[in-house]
Amino acid sequence: MKKGYKNWGPPLLLVSPTIIVIGIFVYGLIGANVAVSFSNRNSLVPATEFVGLDNYFALFAEERFIHSLQNLGVFTVFFIAGTMIFGFLWAWMLDKGVTAEGVFRSVFLFPMAISFVASGVVWRWLLNSAEGDRASGLNRIFENLGLGFLQNSWWNEPGWGMAAIALPAIWQLAGYVMALFLSGFRGIPEELREAARMDGATEWKLYRYVIFPQLSPVALSALIIVGHMSLKVFDLIMAITKSIYQTEVPATYLWVALTANDYAKSATIATILLLFVAVLIVPYLVYTARAERKQR
Amino acid sequence: MSVGTGLGKRPRTSAQPEMPGQSELRNRKRMSRTVKYVFLILFLVIVLMPVYVLIVTSLKPPQDVNPATSWGLPVRWPWEPALEGGPTGFDNWALAWNALSASIGRTFLLAIPAALISSFLGAMNGFVLARWRFPYADIVFTVILFGMFIPYQAIMTPLVQMKTSLGLPSDISTLLIVHVIYGLPICTLIFRNYYAGIPHELMEASRMDGAGMLRTFGSIVLPLSLPGFVVTIIWQFTSAWNDFLFALFLSNQNDGPVSLSLNNLAQGAQLANYGAAMAGALLASLPTLIVYIVLGKYFIGGLMSGSVKS
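Digging into a nonpolar patch on the surface
Right, so step 1: A contiguous nonpolar surface patch, about 470 Å² in accessible area, is contributed by Met31, Val35, Phe39, Leu42 and Ile46 of chain B.
Right, so step 2: Inspection of the secondary structure puts isoleucine 46 of chain B in helix α1 (residues 22-58).

In structure tokens form, the structure reads like this:
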């Protein structure tokens, strides 16, 4: 890189609107949010006091907030496991090319194009908790197929009910993970496969020792993307159940606090959520930035 | 990515006499292929199940929406005469259209400019960060990129306060600003990865000819950028169209985008009328589905650039 502002002045100028806007609307507002979380602004009246970490202590002492964290944990585990397993399985089955591959790919991918609000309309009905004669949705299928014992109250159950909310989320995003894995599979040069076959590797060994190891960066990307989406889940829950205790997660609890004008509380929940995401994302961003610099 | 390559096209008959065990091997391969198709079709059916429910239910008159027959086809199709002039399945669609048409129009006015503006800004950023760099460009890039991952809840409380204190309206104009801003990181990322693949020689030649940065961008890089624009426009259009969080926090029911009015239709006074809600969900999904079906080929490539791996 040549020296002197004549060389780096213009490019910096071109990016500066974005830097300024991101500076204000991402970092400035995050700062403002943290500041509110340290204040006693519990109403429309502006804050008068700095209360330090009091809001945080209060929140973690709340049974309701702990329950929302547990819900988020259950959701995250099922959502990540489901999208990764199905996404990988579909990509694996499509990898070697099947008849009408385009059809399968499009169908697995299309739920991604639909909003959570729209898919919530149908999933609210599929996951209806009524059983027996009044059963609709999935419970009705179980009833009709003579699998009545499989009927359950889905998300209406305050313990493991969040696993039911993961079903529509998996339905929407497993195709995305499939697309990531499929581009990963296709990115492996054919020569590598051929070389392994020449060395007498069976198909299984080819996958086990050549292809799967090559996929680990893609798997990591997928895991990070799906993981951070999971921590932010909001639309889907609002669309399927509205904001109720059984399905409450920090993001929907924040909405409850904000609509009650409890700004300090909503800001505190937001900061905690941001910390969760940052723990996942920051090391990943640093790692990819470093890996890229090495390549250069 | 070609369709139907690989196993399907391998010639399966051979003129030479078979080696012992070869036919068994072939049988086993055919067997595993069959198993694969059975599973693929099973998954296909499962994934399409909610769509079947949406379509079928939206065509049933409200009085026929009965839990016991909820998986069945309509007893009376919309074009068959209704009992005593009562509602038909078409009435669901009319109701949904009345409830959503205005907000669908507004959402186009939101999603199209949002996609175009953030794509263009993203292209400029991506060009600079990949090809016309300045000191610490990598750090600046990472700092911009973080904006893509933050939970928007983390900025929502002060953003709502900011909107109030600036007196911004609760309609799509405010949402447009917000979508442009928070779309910048992903558009920058996609274009940066895309431009990283442009040959060095092209840029060097332009520099040698004494072209400045803007000249190079405008006459060399932009004409090559169509595939990048397709990806960012699909991405931004879809995310602005489908957004519910910003809409809920920043706009109001009567001036907001389609996600708000659909949510209202589905959860409001019409709660008993599942048919209308499902017709509405289909209506509200059509634009993104069409974009996706028409431009779907480019989608997978775009998804890949959407991940941080470059």
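Back to the write-up after that little detour.
Some words on the pattern of salt bridges
A side chain with one charge can pair with a side chain of the opposite charge if their charged atoms come near.
Right, so step 1: Throughout the structure, instances matching the rule amount to eleven salt bridges over all chains.
Right, so step 2: Across the salt bridge formed by glutamate 101 of chain A and arginine 186 of chain A, the nearest N and O atoms sit 3.2 Å from each other. A residue pair is termed long-range when its members are at least 10 positions apart, and glutamate 101 of chain A in helix α4 (residues 101-109) and arginine 186 of chain A in helix α7 (residues 162-186) qualify at 85 residues.
Right, so step 3: With a shortest N-O distance of 4.0 Å, arginine 192 of chain B and aspartate 138 of chain B are connected by a salt bridge.

A few points about the interface of chain A and chain B
Right, so step 1: Of the residues lining the interface, 102 residues belong to chain A; the matching set on chain B comes to 90 residues.
Right, so step 2: Regarding the contact of chain A and chain B, the summed buried area is about 8,900 Å², with carbon and sulfur atoms giving 75% of it.
Right, so step 3: Of all residues in chain A, Leu14, Phe25 and Trp125 of chain A give up the largest surface area on contact with chain B, accounting jointly for 8% of the area buried on that side.
Right, so step 4: At the surface where chain A touches chain B, the tally comes to zero salt bridges.
Right, so step 5: Taken together, chain A and chain B are joined by 16 residue pairs in polar contact (both at pLDDT 80 or more).
Right, so step 6: At 20 residues, helix α1 (residues 5-37) of chain A tops the list of elements feeding residues into the side of chain A that touches chain B.
Right, so step 7: Classifying every residue of the side of chain A that touches chain B gives 70 nonpolar, 16 polar and 16 charged.

Observations regarding helix α3 (residues 137-149) of chain B
Right, so step 1: For α3 of chain B, the tally of buried residues reaches ten of 13 residues, placing the bulk of the element in the interior.
Right, so step 2: Along α3 of chain B, the residues classified as buried are Ala137, Asp138, Val140, Phe141, Ile144, Leu145, Phe146, Gly147, Met148 and Phe149 of chain B.

Considering the environment of serine 70 of chain B
Right, so step 1: Positionally, serine 70 of chain B belongs in the loop between α1 and α2 (89-131).
Right, so step 2: Serine 70 of chain B sits in the buried class, given a relative accessible area of 7%.
Right, so step 3: Each C-alpha atom of the pair serine 70 of chain B and valine 56 of chain B lies 8.7 Å from the other, and the pair is 14 residues apart in sequence.
Right, so step 4: Residue contacts for serine 70 of chain B: discarding those within four places in its chain leaves Trp125, Ser136, Gly137 and Arg140 of chain A together with Lys60 of chain B.

Observations concerning the confidence of the model for chain B
Residue and element names in this part refer to chain B.
Right, so step 1: This prediction gives chain B a mean pLDDT of 82; 86% of its residues lie at or above 70.
Right, so step 2: Helix α9 (residues 245-250) holds the highest mean pLDDT among the elements of chain B, 94, whereas helix α6 (residues 200-208) holds the lowest, 77.
Right, so step 3: Predicted confidence is poor over residues 1-14, with pLDDT under 50, and the contacts of this stretch with residues over four places away or in other chains come to 19 contacts.
Right, so step 4: Per the prediction output, this complex has pTM 0.88; the corresponding ipTM is 0.89.

Some points on the environment of tyrosine 274 of chain B
Right, so step 1: Structurally, the position occupied by tyrosine 274 of chain B is in helix α11 (residues 274-306).
Right, so step 2: Discounting chain neighbours no more than four positions away, the residues touching tyrosine 274 of chain B are Trp125 and Asn128 of chain A together with Thr57 and Val65 of chain B.

A closer look at the packing of aromatic side chains
Residue and element names in this part refer to chain B.
Right, so step 1: Scanning all chains against the criterion turns up 41 aromatic pairs over all chains.
Right, so step 2: For the pair phenylalanine 39 and phenylalanine 43, a centre-to-centre distance of 6.4 Å together with 35° between the ring planes defines the contact as tilted. Of this pair, phenylalanine 39 and phenylalanine 43 both sit in helix α1, four residues apart, roughly one helical turn.
Right, so step 3: Residue class for phenylalanine 39 comes out partly exposed when judged on its relative accessible area of 42%.
Right, so step 4: Taking 6.5 Å as the distance between ring centres and 90° as the angle between the ring planes, the aromatic pair formed by phenylalanine 127 and tyrosine 195 counts as edge-to-face.

The rules we used
Per chain, residue numbering runs from 1 following the sequence as it is written. Chain letters start at A and ligand numbers start at 1, both assigned in the order the entries are written. At least 70 in pLDDT is required for a residue's local features to be given in this predicted model, at least 80 for side-chain atom pairs to be given and counted, and no such filter applies to totals for whole chains, interfaces and linings, which use all residues. The side-chain numbers reported here are obtained from all heavy atoms of the structure, hydrogens and water having been left aside. Note on patches: the residues involved have over 30% relative accessible area and no salt bridge, like charges join within 9 Å, and the nonpolar side chains Val, Leu, Ile, Met, Phe, Trp and Tyr join within 5 Å. Each accessible area is a Shrake-Rupley estimate made with a 1.4 Å probe; only the visible protein chains count as cover when residues are assessed. Salt bridges are counted wherever a side-chain nitrogen of Lys or Arg sits within 4 Å of a carboxyl oxygen of Asp or Glu. Strands are runs of DSSP state E lasting at least 2 residues, helices are runs of H or I lasting at least 4, and numbering of each runs from the N terminus. Two residues qualify as a contact provided that any one of their heavy atoms is within 4.5 Å of a heavy atom in the partner residue. Summed over both partners, buried area is the accessible surface (1.4 Å probe) that two parts give up on being assembled. Polar contact is the term for a pair of N or O atoms within 3.5 Å; when the atoms are in protein, one must be able to donate a hydrogen and the other to accept it, and sequence-neighboring residues count only if both atoms are side-chain atoms. Amino acids outside the nonpolar list (Ala, Val, Leu, Ile, Met, Phe, Trp, Tyr, Cys, Pro) and the charged list (Asp, Glu, Lys, Arg) are all regarded as polar, and Gly is one of them. Classification of residues uses two cut-offs on accessible area relative to the type maximum, computed with a 1.4 Å probe and protein chains only: under 20% is buried, over 50% is exposed, and between them is partly exposed. Note: pLDDT gives the predictor's confidence per residue, expressed from 0 to 100. Any two rings among Phe, Tyr and Trp, with Trp reduced to its six-membered ring, count as a pair given centres within 6.5 Å; such a pair is stacked if its planes are under 30 degrees apart, edge-to-face if over 60, and tilted if neither.

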